[in-house]
Every structure is written in structure tokens, then in C-alpha cells.
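# Report on the structure
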Amino acid sequence: MNRLSPSVRQDMLDCFQIEGAYYGGEMNDVDFLSRHFDLSSFPSDDSRFETMEGEVYCHCVSFDDYTANWALSDRRLSISELPDEKFLAFLADTISPAVRKDKTSIDRFASHFNNLLEGSGWKLVQKASVAGLPRYVPMLDGVAKHFEDKARNSAKVLSSSWMQGEIDRAWSAVDSDPALAIGTAKDLTESCCKAILLELGKPAGPRDDFPTITKAVVKELRLVPESISKEAKGAEIIKRLLSNLLQVTKGVNELRSLYGTGHGRDGKHVGLQPRHARLAVTAAAAFTVFITDTYSARHSD
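Each value, and the rule that gives it
- Sequence order sets the numbering: in each chain, residues are counted from 1 along the sequence as written.
- In view of the model being predicted, local features appear only for residues whose pLDDT reaches at least 70, and side-chain atom pairs are presented and counted only at 80 or more, with totals across whole chains, interfaces and linings using the full set of residues.
- The basis for every side-chain value is the complete set of non-hydrogen atoms in the structure, without hydrogens or water.
- The secondary structure listing takes helices from DSSP runs of H or I that are at least 4 residues long and strands from runs of E that are at least 2 residues long, numbered from the N terminus.
- Residue exposure (1.4 Å probe, protein chains only): buried if accessible area is under 20% of the type maximum, exposed if over 50%, otherwise partly exposed.
- By the convention used here, residues are in contact when the closest approach between their heavy atoms is within 4.5 Å.
- We get accessible surface area from the Shrake-Rupley algorithm with a probe of 1.4 Å; when it comes to residues, only the shown protein chains can shield them.
- Joining through side-chain atoms within 4.5 Å is the link that ties buried Ala, Val, Leu, Ile, Met, Phe, Trp, Tyr and Cys residues into a set, and such a set is a nonpolar core.
- Orientation is described by lines fitted to C-alpha atoms, with helices fitted over the stretch in contact, and by angles between N-to-C directions that extend from 0 to 180 degrees.
- Any angle between 65 and 115 degrees counts as roughly perpendicular, while under 35 counts as roughly parallel, over 145 as roughly antiparallel, and the rest as oblique.
- Crossings are assigned a handedness: left-handed for a near helix turned anticlockwise from the far helix by less than a right angle, right-handed for a clockwise turn.
- Side-chain classes follow a simple rule in which Ala, Val, Leu, Ile, Met, Phe, Trp, Tyr, Cys and Pro form the nonpolar group, Asp, Glu, Lys and Arg form the charged group, and the remainder, Gly included, forms the polar group.
- Pairs were defined over the aromatic rings of Phe, Tyr and Trp, the Trp ring being its six-membered one, requiring ring centres within 6.5 Å. Orientation was assigned from the angle between planes: stacked under 30 degrees, edge-to-face over 60, tilted for the rest.
- Our definition puts a charge over a ring when NZ of Lys or CZ of Arg is within 6 Å of the ring centre and also within 35 degrees of the ring normal.
- Paired strands, in this sense, are two strands between which DSSP finds at least two bridges.
- Take the number of residues in a helix, subtract one, and multiply by 1.5 Å to get its expected span.

In this section: the overall build of the protein chain. Along its length, the protein chain carries eleven helices and two strands. Mapped from its N terminus to its C terminus, the protein chain presents α and β elements in the order α-α-α-α-α-β-β-α-α-α-α-α-α. Within the protein chain, the fraction of its 301 residues that count as buried is 44%. Within the protein chain, residue pairs in contact and separated by at least 24 positions form 62% of the contacts whose partners lie at least 6 positions apart. With an accessible surface of roughly 15700 Å², the protein chain has 52% of that area assigned to carbon and sulfur atoms.

This part is about the nonpolar core. By size, the foremost hydrophobic cluster in this structure holds 41 residues, and its most contacted members are Tyr 23 and Leu 33. If you list the elements that add at least two residues to this core, you get helix H1 (6–19), helix H2 (29–33), helix H3 (52–62), helix H4 (84–94), helix H5 (103–117), strand E1 (122–130) and strand E2 (133–140). Judged by nonpolar contacts, the second largest core, of 32 residues, contains Ala 173, Ile 213, Leu 221 and Ala 284.

Take the packing of H1 against H5 next. One can describe the packing of H1 onto H5 by two numbers: an axis separation of 10 Å at closest approach and a directional angle of 155 degrees. Classified by the interaxial angle, the pair formed by H1 and H5 is roughly antiparallel. In this structure, H1 crosses over H5, and the sense of that crossing is right-handed. From H1, Val 8, Asp 11, Met 12, Cys 15, Phe 16 and Glu 19 reach across to H5, where they touch Arg 108, Phe 109, His 112, Phe 113, Leu 116 and Leu 117. Residue composition of the contact of H1 with H5, grouped by class: eight nonpolar, one polar and three charged.

A complete count under the given rule lists ten aromatic pairs for this structure. Consider the rings of Phe 109 and Phe 113, whose centres lie 5.8 Å apart with planes at 40 degrees: the pair is tilted. Remark: Phe 113 and Phe 109 occur in helix H5; sequence separation between them is four residues, near one turn of the helix. As far as burial versus exposure is concerned, Phe 109 and Phe 113 are alike and both buried. Three or more aromatic residues link up through ring pairs in this structure, and these residues are Tyr 22, Tyr 23, Phe 32, Phe 37, Phe 42 and Phe 90. Across the ring face of Trp 162, the terminal group of Arg 169 is positioned such that the distance to the ring centre comes to 5.5 Å. A cation over a ring is seen here: Lys 186 above Phe 210, with NZ or CZ 5.2 Å from the ring centre.

Glancing now at the side chain of Thr 288. Within the secondary structure layout, Thr 288 lies in helix H11 (residues 274–300). Accessibility expressed as a relative area gives 0% for Thr 288, which makes it buried.

This next bit is on the pairing of E2. Note: E1 against E2, eight bridges, orientation antiparallel. In the sheet register, Leu 124 faces E2, and the bridge partner there is Pro 138.

Let us look at helix H7 (residues 161–173). The end-to-end C-alpha distance of H7 is 18 Å, a good match for the 18 Å that 13 residues give at a rise of 1.5 Å each. Within H7, the full set of buried residues consists of Met 163, Gln 164, Glu 166, Ile 167, Ala 170, Trp 171 and Ala 173.

It is worth spelling out unusual backbone geometry at this point. Positive phi values are uncommon outside glycine, yet Ser 78 reaches one of about 45 degrees. Residue placement: Ser 78 occurs in the loop between H3 and H4. Classification of Ser 78 by relative accessible area gives partly exposed; the value is 23%. Non-glycine residue Ala 131 carries a positive phi angle of around 55 degrees. Within the fold, Ala 131 resides in the loop between E1 and E2. Under the relative-accessibility criterion, Ala 131 is labelled exposed at 79%.

Below you can see the structure in the form of C-alpha cells.
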């Protein structure tokens, strides 16, 4: 599943043109591209060579008559369409100590890339230092990745392929389509509630709205533990935390009504930013994980 939108990918690749820099640094095209692609597996655009490897060596090493950053838009490599992790690994390698020797240049590119990655869940993180130069690797935001993985596990527990699809849509749309991500976050919590009610043998009615479905789940799972003694240490804190968590569904539903998909908008409507969408999706995932864990605990009693 990809999180990075085509526009963010292109903006990141455009950094080399803006900086007037060659992506391969001190390496030639054959050496650098071979770190990420098997050039012998691609066809040649030059009839004199059977594969791309011979073509690139001829034009980029022997004669050096290709433009500096030609490979970034080459249709065979399709760098802009690589999966997120491979795309970011390629970019991280363009500023690795083996490729670029100027720390100021490395830091500047890392800053450009991370600014563009803001809100996507990805970032380039310095993991080591080689000869005094930083080495960056792509990493997903730990909290967001944790809840995404846990939400996927919840979908498996409830045997809901539909929830799996909503998780995919929600996280992949955070950066490219915040309205879709917010709308899908609401759909995810509703699907989870319906799946649990179905598992409990008390399916939601065809005309039940979202608040009604949520209240039914709260009742069936006894989410607010009235049985906790007031004298028990932390009882009020536990109740308050649980009550606040239940407000997640209300908040996500209200966000969806105001900014998500599912409603027409007038010409002056202004949507929210990816960071707001990420908040909605992560909150929805947290709720989904909690009620599924509660269902599993109650079901095993």
C-alpha cells in the first residue's frame, strides 16, 4: 500500500533540478542505478545494444551525452511509481555517504525531502554516520504504523475483508485525498461496530444510523465498566478514559460530515490538511483496536 501521492513523489524528484544537482552524486549512472535495478533486465532504446545496461554505459560513461537526471523520468525504470519504501530508499541513497561527500548538500536534501514527506507517515531518519557523514533510511512513523498494524489484526479477528479494504483506503489517502481518508475513517469505525454486533448475534438494523450502532456496541460490550468500585484505585480515571475514547466515534463522524466524502460541497468549501486526516484515521484505528480487543476478551470469558 502506497501513502505517497504522485505530486509529492514528483516534487521530491524535482529537488535535483531545483538544486542543479545530479542524483548519482560522485557515481556514474551505471554504478548508481545498478544499486537499485538490474539494468540487464530492461530493453535498450539504442538498437546497438540488447539491454539497458549497455545503452547506459555507452551514453553515460563512454560518451556522457545523456542529460544529468534522465533516469528520473525514464519510462522503463518508472522511479516515480515505485512502492513507497523502494522509492524512498532510492532517494535516501542519493544522499548516502557513498554517493555524496558534502555534508551541507546531504543535510539540505534531507531537509527538502522530509519537508515534502510531512503528513505522509514517512520520514528519512539518520541511522548511522560514515566518515563523519550522515546516512539516512526511510522509516514509517512508529505510532501510525503501530495502529495501522493493530487495525489490520482487528479486521482479521472479525474476519472482515471489507474492513481491510477500508484500512487500505484510509491510510493511502491521508496525503493525496484527506477528505477520502476522513470519510473512510468513519466508515471503518462503523464497519467494526457492525461486525462485532453481527458476531454477537445482534446485527444492526438496516435503518440504524451510526450513533445508534455505536450505542449498541457500547451496551453489548459493557465498555463503560459500571461495576468498578468507586473505592478502587483509578476507577474514575478508567471511566473517564473510556468515555473519552467513545467520543472518538462522534468526533470522526462530525469531521466526516464537515470535511469528508459523502456530502456535496459548495464552491467555497476548504478542506482539511493531511495532518488532520492522519489524526482522524489514527483515532478511528485506536477505537477499532480497543473495541475489538474488548470483544475478544468478552468472547473468551
